[in-house]
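Descriptive analysis of the structure
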Amino acid sequence: MAAADAPSERSGKLKIFLGAAPGVGKTYRMLDEGRRRLRRGTDVVVAYAECHGRPYTEEMLAGLEMVPRLHRAYRGTTFSELDLDAVLARRPAVALVDELPHSNVPGGRNAKRWQDIEELLAAGIDVVTTVNVQHLESLNDVVEKITGVPQRETVPDEVVRRAHQIELVDMPAEALRRRMAHGNIYRPEKVDAALAHYFRIGNLTALRELALLWVAGRVDETLQKYRSEHGIGTVWETRERVVVALTGGPEGETLIRRAERIADRSSGGDLLAVHVARSDGLAYASPAALARQRALVESLGGSYHSVVGDHVPTALLDFARAENATQLVLGTSRRSWFSRLVAPRGIGEDTVELSGDIDVHMVTHERAGRGRRPSAPGRQLPHARRIAGPVAGLVVPFLMTLLLTHIRGPLNLTSEALLFLITVVGVACLGGVVSALLASLTTSLLLNYYFIPPSHEFTITEPNNTLALAAFALVAVTVAALVDRSLRLSRRAASATAEAETLSSMAGNILRGDQGVSVLLDHTRETFGMESAELVPRTDQEIEVDGKDPDLVTVPAGPDRLLVLRGRRLPASEHRVLTAFAAHLAAALDHARLMEAAAEVEPVKAADRLRTALLAAVSHDLRTPLASGRAAISSLRSADVDFTAAEEHELLATAEESLIELNRLVDNLLDMSRLRAGALTLHLQPTAFADVLPLALATLAATPVRIESRGLAEIRDVLADPPLLERVIANLVTNAVRHSGTAERVLITASALGARVELRVIDQGPGLPPEDRERIFVPFQRLGDRDNTSGLGLGLALSRGLAEAMGGTLDAEDTPGGGLTMVLSLRAAAVEEAAEKAVEGS
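All figures in this text were calculated on a predicted structure; none of them were measured in a lab. Along each chain, the written sequence defines residue order, and numbers are assigned to residues from 1. Side-chain atom pairs in this predicted model are given and counted only at pLDDT of 80 or more, local residue features only at pLDDT of at least 70, and totals for whole chains, interfaces and linings cover all residues. Side-chain calculation: all heavy atoms of the structure are included, whereas hydrogens and water are not.

Bringing the environment of Ala206 into the picture now. A helix here means a DSSP run of H or I that spans at least four residues, while a strand means a run of E at least two residues long, and both kinds are numbered starting from the N terminus. Along the chain, Ala206 turns up in helix 10 (residues 201–229). We call a residue buried when its accessible area falls under 20% of the maximum for its residue type, exposed when it is over 50%, and partly exposed in between, using a 1.4 Å probe and counting protein chains only. On the accessibility criterion, Ala206 (21% relative accessible area) is partly exposed. C-alpha of Ala206 to C-alpha of Ala173: the two residues are 33 residues apart in sequence and 9.5 Å apart in space.

Strand order across the open sheet formed by 3 strands is 14-16-15, with antiparallel pairing between neighbours. On the outer flanks of this sheet lie strand 14 (532–537) and strand 15 (552–556), each paired with one strand and no other. Each strand axis lies, on average, 25° off the axis of its neighbour in the sheet, ignoring direction. DSSP-based pairing: two strands are paired if at least 2 bridges between them are found. In this structure, strand 14 lies alongside strand 16 (residues 561–566), joined through 6 bridges in antiparallel fashion. Within the sheet, the bridge partner assigned to Pro537 lies in strand 16 and is Arg561. All axes here are fitted lines through C-alpha atoms, helices being fitted over the stretch that makes contact, and every angle between N-to-C directions spans 0 to 180 degrees.

This part covers the packing of aromatic side chains. Pairing of aromatic rings covers Phe, Tyr and Trp, the last counted by its six-membered ring, and requires centre-to-centre distances within 6.5 Å; plane angles under 30 degrees mean stacked, over 60 mean edge-to-face, and any other angle means tilted. Within this structure, the stated rule accounts for 0 aromatic pairs. Positioned above the aromatic ring of Tyr48, the side-chain terminus of Arg69 is 4.0 Å from the ring centre. Of note, Arg113 hangs over the ring of Tyr48, and the distance from its end group to the ring centre comes to 3.9 Å. Look at NZ for Lys and CZ for Arg. If either is within 6 Å of the ring centre and within 35 degrees of the ring normal, a charge sits over the ring.

This part takes up the environment of Ala690. Locating Ala690 in the fold gives a position in helix 25 (residues 689–698). Through-space distance from the C-alpha of Ala690 to that of Ile715 is 8.6 Å; in sequence the pair is 25 residues apart.

With 4 of 5 residues buried, strand 12 (residues 327–331) lies mostly within the body of the structure. Both strand 9 (residues 241–246) and strand 12 contribute to a ladder of 3 bridges, which runs parallel. Directly across from Val243, in strand 12, lies its bridge partner Leu328. Across 5 bridges, strand 12 lies against strand 13 (residues 359–363) in parallel orientation. Paired with Val329 across the two strands is His361, which belongs to strand 13.

Taken together, Ile387, Val391, Leu394, Val395 and Leu399 make up a surface patch of nonpolar side chains, about 430 Å² in accessible area. With respect to the helices, strands and loops of the structure, Ile387 is situated in helix 16 (residues 383–407). Residues enter a patch when their relative accessible area is above 30% and they make no salt bridge; the linking distance is 9 Å between like charges and 5 Å between nonpolar side chains (Val, Leu, Ile, Met, Phe, Trp, Tyr). Shrake-Rupley sampling with a 1.4 Å probe provides the accessible areas, and residues are treated as covered by the protein chains on show and by no other component. By definition here, a salt bridge exists when the distance from a side-chain nitrogen of Lys or Arg to a carboxyl oxygen of Asp or Glu is within 4 Å.

With that settled, consider the packing of helix 25 against helix 26 (residues 722–738). Helix 26 packs onto helix 25 with a crossing angle of 60° between their chain directions and a minimal axis gap of 8 Å. Taken as axis vectors, helix 25 and helix 26 run oblique relative to one another. The two elements helix 25 and helix 26 meet at a crossing, and its hand is right-handed. Within the contact between the two elements, helix 25 uses Phe689, Val692, Leu693, Leu695, Ala696 and Leu697 and helix 26 uses Pro722, Leu725, Glu726, Ile729, Ala730 and Val733. By the definition adopted for this analysis, an angle is roughly parallel if under 35 degrees, roughly antiparallel if over 145, roughly perpendicular if from 65 to 115, and oblique otherwise. Crossing handedness follows the turn of the near helix against the far one: under a right angle anticlockwise gives a left-handed crossing, and clockwise gives a right-handed one. In this description, contact between two residues means that some pair of their heavy atoms is separated by no more than 4.5 Å.

Take the nonpolar core next. In this text, buried Ala, Val, Leu, Ile, Met, Phe, Trp, Tyr and Cys residues form a nonpolar core when linked through side-chain atoms within 4.5 Å. Within the largest apolar cluster, 67 residues are counted, with the highest numbers of intra-cluster contacts made by Leu31, Leu96, Val97, Leu120 and Phe199. If you tally residues by element for this core, the top one is helix 10, at 6 residues. Other than its neighbours up to four places away in sequence, Val97 contacts Met30, Ala47, Tyr48, Leu82, Arg113, Ile117, Leu120, Val127, Val128, Thr129 and Thr130. Leu732, Ile748, Val757 and Leu796 belong to the second largest nonpolar core, which has 42 residues in total.

Per the counting criterion, the structure on display carries 22 salt bridges. The partner of Arg69 in a salt bridge is Glu50, with the nearest N and O atoms 3.9 Å apart. Of the two residues, Arg69 is situated in the loop between strand 3 (65–66) and strand 4 (70–74) and Glu50 in the loop between strand 2 (44–48) and helix 3 (55–59); the sequence distance between them amounts to 19 residues. The exposure class assigned to Arg69 is partly exposed, which follows from its relative accessible area of 26%. A residue is classified by how much of its surface remains accessible, and Glu50, at 23% relative accessible area, is partly exposed. A salt bridge links Glu298 to Arg294; its shortest N-O distance comes to 3.3 Å. With a gap of 4 residues between them, Glu298 and Arg294 both fall in helix 12 (residues 287–299), about one helical turn apart. Of the residues examined, Glu298 reaches a relative accessible area of 43% and is grouped as partly exposed. Accessibility expressed as a relative area gives 32% for Arg294, which makes it partly exposed.

This part is about the confidence of the model for the chain. In low-pLDDT segments, the atomic positions of the prediction should not be examined closely. The share of residues in the chain with pLDDT of 70 or more is 73%, and the mean pLDDT across the chain is 75. Mean pLDDT values over the elements of the chain span from 40, in helix 1 (residues 2–5), up to 95, in strand 6 (residues 94–97). Scored from 0 to 100, pLDDT reflects the predictor's confidence in each residue. In the model, residues 1–8 has pLDDT below 50 throughout and makes 11 contacts with residues more than four positions away in sequence or in other chains. Low pLDDT, under 50, characterises residues 782–792; the predicted model gives this stretch 25 contacts beyond four residues in sequence or across chains.

Right, let's talk about the sheet that holds strand 6 for a bit. With respect to topology, 6 strands assemble into an open sheet ordered 3-2-6-7-1-8, the strand pairing being parallel. In the strand order of this sheet, the two ends are held by strand 3 and strand 8 (165–169), each with one partner. Pairing of strand 2 with strand 6 involves 4 bridges; the strand directions are parallel. Bridged to Val44 within strand 6 is Val94.

See below:
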């Protein structure tokens, strides 16, 4: 291990050949890659290659140095494995290691081959390896639905994603079946079964699509990283990404379905829904409506996002560009004709103008043009109203003057002043305090010149008129100031509501623990429309230098971390929200650390509880057979007593029974420890209950209880590991005999139920109440914990563990007439299971 411990200047690079199914040529391509590098003068060795007897693949080994394999014995069979220490000692530049998800034979230092490969990479050795798409952990259940064959050997997706290079080895389904038919993949006796089941056209086509999409996703991740690192903000239309903008209004579901149809037009298109939480028109979104729309998006395979922005069109487009979106779907305006008359430009028009190379779809809906709910008086003024207000402050008083000069006969000065006051209030509501002041000044001059005697002069003869004009001006300015203050306060309240909504959502995710730090970082990046977001140590000097970049934002995230965002300059109003996000991320990071610490401690606690229970139980249960056997042997060796032949036979039988019981207890303890450690290796194969039962009964001590079996010979085979199935049946029969009470027999029956076969071990003892039926499967628990002389209480716990490891179940149910029936259910060994073995051997 000196080589492994020696420090390396760099970590090795991993290259993976990914295939859709066995036989596409992954091992051939791996060996060809090795030969190509060897011709360039690179030091290459074959650490492990499995050719499966394929002649063309075996020919590729010629000229390549092969590290001898390690041979390890397990359960009476010798297996050849990768010799990790030999490769580390040889220390080549490149090691070729086949079958990345392979499970190692117990006894080595790593349970999986990908863990061996990580040691090689850590030592600075480049590795070239192979894997099929059905062995990726995230696709395991999908592949089982497609093929009907579960894959027990899997590799975490993260291990494959970390590869420096992933190369797809592709082959059409028809070509792969021709290879199979020509005998280039499996031996002739396996070809028909494989073609009829696993290698059907539909299965291979679906697996091929999975492989292509998975690799495409990996390529997309690489592209996004490249764009972020190089500051590329323009859209690259490598893949259709459709963003639909949601306001929380009733038109949301229509927009989502329209966007989903647009995304479906290109295979592999992505659907993203985004809601901008701000204080303008979008601030009145219904939380219940947004929740329904989010559920609809996710049911269609899309993703939901919430962002914060001062200007809705800019926020939408910043998000779309950050996600490299190609199309943006908006609903046509719900504003009424009068609202459009006052402010012709809306969100849709601004978005189209600023969209650049992003296509914008304006989708009509049933609420188009019907008007919005009344706006709050504190709504932020749009650009059009900020221009229209001062213009109205100048024009509207002249129009009012023109109107009053035609109808001034029936009106007095008081009425005219009040009408002018209404004009000022209207302008204030339209354009704010500046427009109101301008309207107040204009109105005061016009009122003085046209309506206060003497007319057509800027003079006032009566003191009362002077007081009235001053009161008029004061009231007009006061009303305008109050309206403007209401605008600002309402805007702040709406903005705070939007911020609180976003922060509440993030805090809820952290408290529920349903999102990791990386997901929350992505959420932060999307919320603020940035190109990248990361947590870095505070001591990172590079960040200190980059802090001069106007497009780089840093905020503290705990005592030892900084949240760093790149992409755009943030306004001061968003820095407060960003600081809260950073605090939440710091809390999430602390939560993740605590969870990791708890996860590390939990196995230790479980092991400690197991050891405590074991020591408590073993003190008596192992001593009893030891004492009985020792006493019998000591008596036989004694020279003081002459035993008859019958007495000697009885003593020998006692010693034998004690040793059998001791052996059974030790086997149970060893198997239970292997189960808890995850080191139990299975070799599933078609197995007959009728073949295993005699072997299981042969291991039991003599008993007066009669053991009968029915229907075992006629039942079909199950998929099981024969030695482990023997142990399960032996434990179940032992338990039934022990608790059979005064009954004289234990009955064993078998029956088929769909794709499974059930074995029943039936006793007629005292039985168990329903609330205690799960307790008997807990290690070191006995029937009611009343009997401390009948064993460790491991038998049923071990039996259930072994049954579940073989893909089965073990449950207890009542025996009709009294007693307990243990029901062991296992999968039937159908033809598909035989095909599975062929696939896993490839």
